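Summary of structural features
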Amino acid sequence: QQPVQSPQAVILREGEDAVINCSSSKALYSVHWYRQKHGEAPVFLMILLKGGEQKGHEKISASFNEKKQQSSLYLTASQLSYSGTYFCGTELAGAGSYQLTFGKGTKLSVIP
Amino acid sequence: SQTIHQWPATLVQPVGSPLSLECTVEGTSNPNLYWYRQAAGRGLQLLFYSVGIGQISSEVPQNLSASRPQDRQFILSSKKLLLSDSGFYLCASRRDRDSPLHFGNGTRLTVT
């Protein structure tokens with residue numbers, strides 16, 4: 001069950017903030033966030049396991065609303081290095097579910 | 001931490017030829033292993049995953065197959081490649097459901 005990401009693309013000037021959303025129609029066990037630069041493999045940003053959990057990594061943080069099956073990635077005071085495509089990956093709740101399925105991605109471009 | 005070895009980095013193969021991509025993992029035992037494919041400019045498509053030796057789950061029916069002959073070895077194969085098999089193939093590994101998924105550097109396959 002592929003999660004839905006929004007927006008598909010966003011352009012920011014350095015220092016601006018952005019929010020990327022990820023939603024599922026089914027109950028989730030976990031949400032993973034990754035950033036991929038052109039021609040490279042995705043790089044892990046963070047994993048959220050429990051409802052209402054929020055995590056932070058420098059100026060990048062994320063929340064996970066278990067009841068709504070939604071997660072959001074927050075990028076504050078964006079830097080040029082934040083440019084890339086962001087993917088959320090979700091794993092459904094329930095025993096024996098090991099499928100980790102990714103959304104179509106959000107292309108983020110940070111300009112000077 | 002885990003290290004994921006994936007080779008080759010690039011591969012050009014004619015239509016109808018066989019394929020074998022190998023992935024090995026260091027730094028953890030009994031990992032969950034995954035094969036993803038990414039078409040140019042697209043998202044990550046889950047192909048196969050494995051939670052143990054000899055246990056393979058297929059997500060997309062196609063002319064590809066996967067095997068896990070050893071605990072930390074995951075192989076993606078095809079008997080006859082199609083043009084549509086071109087893409088960026090990524091092996092990924094995680095310790096368990098509560099751990100991040102880490103990707104190898106990927107193999108860029110072009111079928112001509």
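Before any of the text, the structure's been laid out above.
Residues numbered from 1 in each chain as written. Chains lettered and ligands numbered in written order. Predicted model: local features only at pLDDT ≥ 70, side-chain atom pairs only at ≥ 80, totals over all residues. Heavy atoms only, no water.

Residues and elements named next belong to chain B. Across the sheet, which stays open at both edges, the 4 strands sit in the order 1-3-8-7 with antiparallel pairing between neighbours. The sheet is open, and its two borders are formed by strand 1 (3-7) and strand 7 (64-70), each paired with just one other strand. Taken over all neighbouring pairs, the strand axes of this sheet differ in orientation by 20° on average, direction set aside. Pairing geometry for strand 1 and strand 3 (residues 19-26), over 5 bridges, is antiparallel. Residue Trp7 lies in a different strand from strand 3, and its bridge partner there is Glu22. (Pairing = 2+ DSSP bridges. Helix = DSSP H or I, 4+ residues; strand = E, 2+ residues; numbered from the N terminus. Axes fitted to C-alpha atoms, helices over the stretch in contact; angles between N-to-C directions.)

Attention now moves to the interface of chain B and chain A. Every contact between the two is made by 24 residues of chain B and, on the other side, 22 residues of chain A. When the buried area of chain B at its contact with chain A is split by residue, B:Leu44, B:Arg97 and B:Asp98 rank highest and sum to 34% of it. Close ionic contact of B:Arg97 with A:Glu91 constitutes a salt bridge, the shortest N to O distance being 2.8 Å. At the junction of chain B with chain A, the criterion picks out 11 residue pairs in polar contact (both at pLDDT 80 or more). Secondary structure elements with two or more residues in the side of chain B that touches chain A: strand 4 (32-38), strand 5 (45-52), strand 9 (87-94) and strand 10 (102-103) of chain B. With 4 residues, strand 4 of chain B is the largest single contributor of residues to the side of chain B that touches chain A. Among the residues forming the side of chain B that touches chain A, the class breakdown is 11 nonpolar, 7 polar and 6 charged. (Contact = heavy atoms within 4.5 Å. Buried area = accessible area lost by both parts, 1.4 Å probe. Salt bridge = Lys/Arg side-chain N within 4 Å of Asp/Glu carboxyl O. Polar contact = N/O pair within 3.5 Å; in protein donor to acceptor, adjacent residues only side chain to side chain. Nonpolar A, V, L, I, M, F, W, Y, C, P; charged D, E, K, R; others polar.)

Looking now at the environment of B:Thr3. All names here are of chain B. Topologically, Thr3 is positioned in strand 1. Accessibility expressed as a relative area gives 34% for Thr3, which makes it partly exposed. Taking the C-alpha atoms as reference, Thr3 lies 21 Å from Gly54; in sequence the two are 51 residues apart. Apart from residues lying up to four places away in sequence, Thr3 is in contact with Thr24, Val25 and Glu26. (Buried < 20%, exposed > 50% of the residue type's maximum accessible area, 1.4 Å probe, protein only.)

This next bit is on the packing of aromatic side chains. Scanning the model with the defined rule gives 9 aromatic pairs over all chains in all. Seen in terms of ring centroids, A:Tyr34 and A:Phe102 are 5.5 Å apart; in terms of plane orientation they differ by 65°. Their pairing is edge-to-face. Pair noted here: A:Tyr34 is in strand 4 (residues 28-36) and A:Phe102 is in strand 10 (residues 101-102), with a separation of 68 residues, a long-range link. Pair check on accessibility: A:Tyr34 and A:Phe102 agree, each one buried. Between A:Phe102 and B:Tyr36 the ring centres are 5.4 Å apart and the planes differ by 80°, which places this aromatic pair in the edge-to-face class. Here A:Phe102 is found in strand 10, whereas its partner B:Tyr36 is found in strand 4 on a different chain. (Phe/Tyr/Trp six-rings, centres within 6.5 Å; stacked < 30°, edge-to-face > 60°.)

Enumeration over the complete set of coordinates arrives at 4 salt bridges over all chains. Here B:Arg37 and B:Asp85 are joined by a salt bridge, their closest N and O atoms 3.5 Å apart. Of this pair, B:Arg37 sits in strand 4 while B:Asp85 is found in the loop between strand 8 (73-78) and strand 9, placing the two residues 48 residues apart along the sequence. Among the residues examined, B:Asp85 registers a relative accessible area of 2% and is labelled buried. For B:Asp71, the salt bridge identified is with B:Arg68, shortest N-O distance 3.3 Å. Overlapping salt bridges, with partners in common, bring together A:Glu91, B:Arg94 and B:Arg97 in one network.

A few words on the pairing of strand 4 of chain A. All names here are of chain A. In terms of burial, strand 4 is a largely internal element, 8 of the 9 residues being buried. Here strand 4 runs beside strand 9 (residues 84-92); their pairing, made up of 8 bridges, is antiparallel. Counterpart to Gln36 in the pairing with strand 9 is Thr85. In the sheet, strand 4 pairs with strand 5 (residues 43-48) via 5 bridges, with the strands oriented antiparallel. Bridge pairing links Val31 to Leu48 in strand 5. Connecting the antiparallel pair strand 4 and strand 5 is a turn made up of 6 residues, with Gly39 showing a positive phi of about 80°.

The values are spatial; any link to function lies outside them.
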